[in-house]
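Below, each chain spelled out in residue letters.
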Amino acid sequence: MQNIVLVGTQWGDEGKGKIVDYLSEKADYVVRFQGGNNAGHTVIIGDQKIVLHFIPSGILRQNTVCMIGNGVVVNIKALFEEVKMLQKLGFQVTPENLRISENAHLILPYHIYMDILAEKNRGDQKIGTTAKGIGPAYADKISRTGIRMSHLRDMKDFEQRVRYNIEQKNTLIAHLYKDEVIEYQYVHDEIIEFRDWVLPFLTNVSTELRQAHHKGKKVLFEGAQGTSLDIDHGTYPFVTSSNTVAGGACVGAGVGPTMIDGVIGVCKAYTTRVGSGPFPTELMDEVGKAIAQKGQEFGATTGRPRRCGWLDGVFLSHAVWVNGVTDLAMTKLDVLSGFETIKIATSYRYPTGVTSNAFVSENDVLEKVEPVYEELSGWEVIPKDCTSLAQMPQTVQKFLSRVEEIAGTRVSLLSTGPDRRDQIVIHDFF
Ligand code: GDP
Ligand code: IMO
Ligand code: MG
């Protein structure tokens, strides 16, 4: 396999960063294709904890080139701070190993402001966004008034475009939100500080990937968020504003679908969700609390506690289909250690009494379904010295083969702890 897409199969935070870090050892390029700094991808190397928001997790490998594709929305101030953080830790980040699409859209200060105001306005219907300006930045892109990275090359043109946007937004702010309006000077001052720094990173990512392909390079596409947060295939409107599914890699990086050789779906052994919206397998009891505590389930971007529940096989099977998952990477198996029994939802029971294992996209229906569980024996502990599936407790092996049956695809990677080394490879990549 030469070109692999990696995506989250749940509501994000499946451990994508950790798996990307492992795969980057062999990948020549790692490319982000959607989302922005709403993502928080954690890699733990010994006593170093690194959380990446924009930059692909491949940046921690010396010979890997990282790219931010056209499908990403970029806040250049936050990007600058991320680069400085990495440089402080001793990682090299230069235009040689980080390339940014000139077609990627900018997240500007007014997007963050609009994100916060819109959430306030939604009241108890709030989405629980990360307040990073993601939705408003994508809204401008789709309405064709967005500002691209390339627009930074001509500040006169930039000013004209931004002033037009500000005028529109100020009408909304003054009349609907009844709040303080935005001044152009504020946006200008924040951008001008980072403009000269960012320009050398800009490129045409699609063209560079074409050249890389012709040289036989290996490319890993790093998804952010998860399938249930996809704007089309998730629990709309409690979703993010991009296509998080594997198909998004083609659109958000500029490669055709026939280029993709495999799709890795990262899946936690249980489920978590940050923000509002339906969550059929959510546990409001002591078990949910125990999982949250053992799994240290707090948002890597906002620090908010993550809601926890059992693995949802109905959703996983849907995720495998919409992403075309060829291999699953199962993470956080260690967190479930110590439970006498472990549950997987295999179907939903509707208020009418009917049960079905088909995915439901309407929120009001999803809120009312009751998961039907299959109970499996748990495992006491995952021995630290396990290096192969055969050395894993029998109950873990049974759990995994049941997951494979439900998902309809094989499990190829296992993660048994947060550290870079806590990994078991069943089928390798690249
Ligand atoms: P991402 O957004 O998908 O990259 O995931 P996050 O980094 O937001 O959240 C995953 C969290 O789980 C991070 O704190 C990781 O360090 C941690 N993690 C990843 N894999 C494992 C695992 O197998 N076991 C444990 N205990 N922690 C893990
Ligand atoms: P990673 O890449 C988990 C959630 C937010 C909110 C919804 C919309 O680390 O898995 P947004 O700011 O995107 O408009 O918020 O999406 N969300 C995430 N949840 N992991 C993420 O990213 C997320 N990115 C956004 O909590 O419910
Ligand atoms: Mg995360």
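Residues numbered from 1 in each chain as written. Chains lettered and ligands numbered in written order. Predicted model: local features only at pLDDT ≥ 70, side-chain atom pairs only at ≥ 80, totals over all residues. Heavy atoms only, no water.

1. Digging into the pattern of salt bridges
Scanning all chains against the criterion turns up 24 salt bridges. Between Asp 13 and Arg 306 there is a salt bridge, with the nearest N and O atoms lying 3.0 Å from each other. With Asp 13 in the loop between strand E1 (3-8) and helix H1 (16-23) and Arg 306 in the loop between helix H9 (286-294) and strand E13 (307-309), this pair connects stretches of sequence that are 293 residues apart. With relative accessibility at 22%, the residue Asp 13 sits in the partly exposed group. (Salt bridge = Lys/Arg side-chain N within 4 Å of Asp/Glu carboxyl O. Helix = DSSP H or I, 4+ residues; strand = E, 2+ residues; numbered from the N terminus. Buried < 20%, exposed > 50% of the residue type's maximum accessible area, 1.4 Å probe, protein only.)

2. Focus on helix H10 (residues 313-323)
The element H10 is extensively covered by neighbouring structure, given that 8 of its 11 residues are classed as buried. Considered for burial, the residues of H10 that qualify are Gly 313, Val 314, Phe 315, Leu 316, His 318, Ala 319, Val 320 and Asn 323. Where the residues of H10 are buried, they touch E1, strand E11 (262-268), strand E14 (311-312), strand E15 (327-331), strand E16 (341-349) and helix H12 (394-407). Between the side-chain oxygen at the start of H10 and the backbone nitrogen of Val 314 there is a gap of 3.0 Å, and the oxygen is on Asp 312. (Contact = heavy atoms within 4.5 Å. Polar contact = N/O pair within 3.5 Å; in protein donor to acceptor, adjacent residues only side chain to side chain.)

3. Here's the deal with the site of ligand 1
In the region of ligand 1, 19 residues are neighbours, and Lys 16, Gly 17, Thr 42, Asp 334 and Ser 415 sit closest. A distance of 2.9 Å separates an oxygen atom of ligand 1 from a polar backbone atom of Gly 15. Contact between ligand 1 and Thr 42: an oxygen atom at 2.6 Å from a side-chain N or O atom of the residue. Calculation on ligand 1 without its partners gives an accessible area of 580 Å², and the protein chains cover 93% of this total. Among the residues making up the shell around ligand 1, the classes are represented as 4 nonpolar, 8 polar and 7 charged. (Near = heavy atom within 4 Å. Areas by Shrake-Rupley, 256 points an atom, 1.4 Å probe, with all protein chains shown as cover. Nonpolar A, V, L, I, M, F, W, Y, C, P; charged D, E, K, R; others polar.)

4. What to know about the site of ligand 2
Among the 20 residues in the neighbourhood of ligand 2, the closest are listed as Asp 13, Lys 16, His 41, Thr 130 and Thr 240. At 2.9 Å from an oxygen atom of ligand 2 is found a main-chain nitrogen or oxygen belonging to Gly 40. Take Val 274: an N or O atom from its main chain is 3.1 Å from an oxygen atom of ligand 2.

5. Section: the coordination of the magnesium ion (ligand 3)
Surrounding the magnesium ion (ligand 3) are the protein donor atoms Asp 13 (OD) and Gly 40 (O), at 2.0 to 2.2 Å. Of this pair, Asp 13 sits in the loop between E1 and H1 while Gly 40 is found in the loop between strand E2 (29-32) and strand E3 (41-45), placing the two residues 27 residues apart along the sequence. (Donors = N, O, S within 2.8 Å, 3.2 Å for Na, K, Ca; no water.)

6. A look at the domain arrangement of the chain
Assigned domains of the chain: these are domain 1 (3-102 + 202-262), domain 2 (105-197) and domain 3 (267-425). Distance from the C-alpha centre of domain 2 to the C-alpha centre of domain 3: 37 Å. Between domain 2 and domain 3, the residue contacts involve 6 residues of the former and 5 residues of the latter. Summed over both sides, the interface between domain 2 and domain 3 buries roughly 350 Å², with carbon and sulfur atoms accounting for 45% of that surface. Where domain 2 packs against domain 3, one counts 0 salt bridges. (Domains from an automatic or database assignment. Buried area = accessible area lost by both parts, 1.4 Å probe.)

7. With respect to the pairing of E16
Looking at chain direction, E14 and E16 are connected through 2 bridges and run parallel. Bridge assignment links Leu 311 to a residue of E16, and that residue is Ile 344. Taken together, the 8 bridges between E16 and strand E18 (residues 370-377) define a ladder with antiparallel strand orientation. The partner of Thr 341 across the bridge, within E18, is Ser 377. Of the pairings in the sheet, the one linking E16 to strand E17 (residues 355-356) comprises 2 bridges and is antiparallel in character. Looking across to E17, one finds that Tyr 348 is bridged to Ser 356. Turn length for the E16-E17 hairpin, with the two strands adjacent in sequence and antiparallel, is 5 residues, and the turn residue Gly 353 shows positive phi of about 100 degrees. (Pairing = 2+ DSSP bridges.)

8. Let's talk about the sheet that holds strand E10 (residues 219-222)
Here 10 strands make up an open sheet; going across it, the order is E9-E7-E5-E2-E10-E1-E11-E15-E19-E20 and the pairing mixed. The strands lining the two open edges of the sheet, one partner per strand, are strand E9 (202-203) and strand E20 (423-425). In the sheet, E1 pairs with E11 via 5 bridges, with the strands oriented parallel. From the neighbouring strand, Ile 4 faces E11, where its bridge partner is Gly 262.

9. Side note on the state of the cysteines
In the structure shown here, the tally under the stated rule is 0 disulfides. Unpaired in this structure, Cys 66 has its nearest cysteine sulfur neighbour in Cys 250, at a distance of 19 Å. Exposure remark for Cys 250: the relative accessible area of 14% places this residue in the buried category. (Disulfide = S-S within 2.5 Å.)

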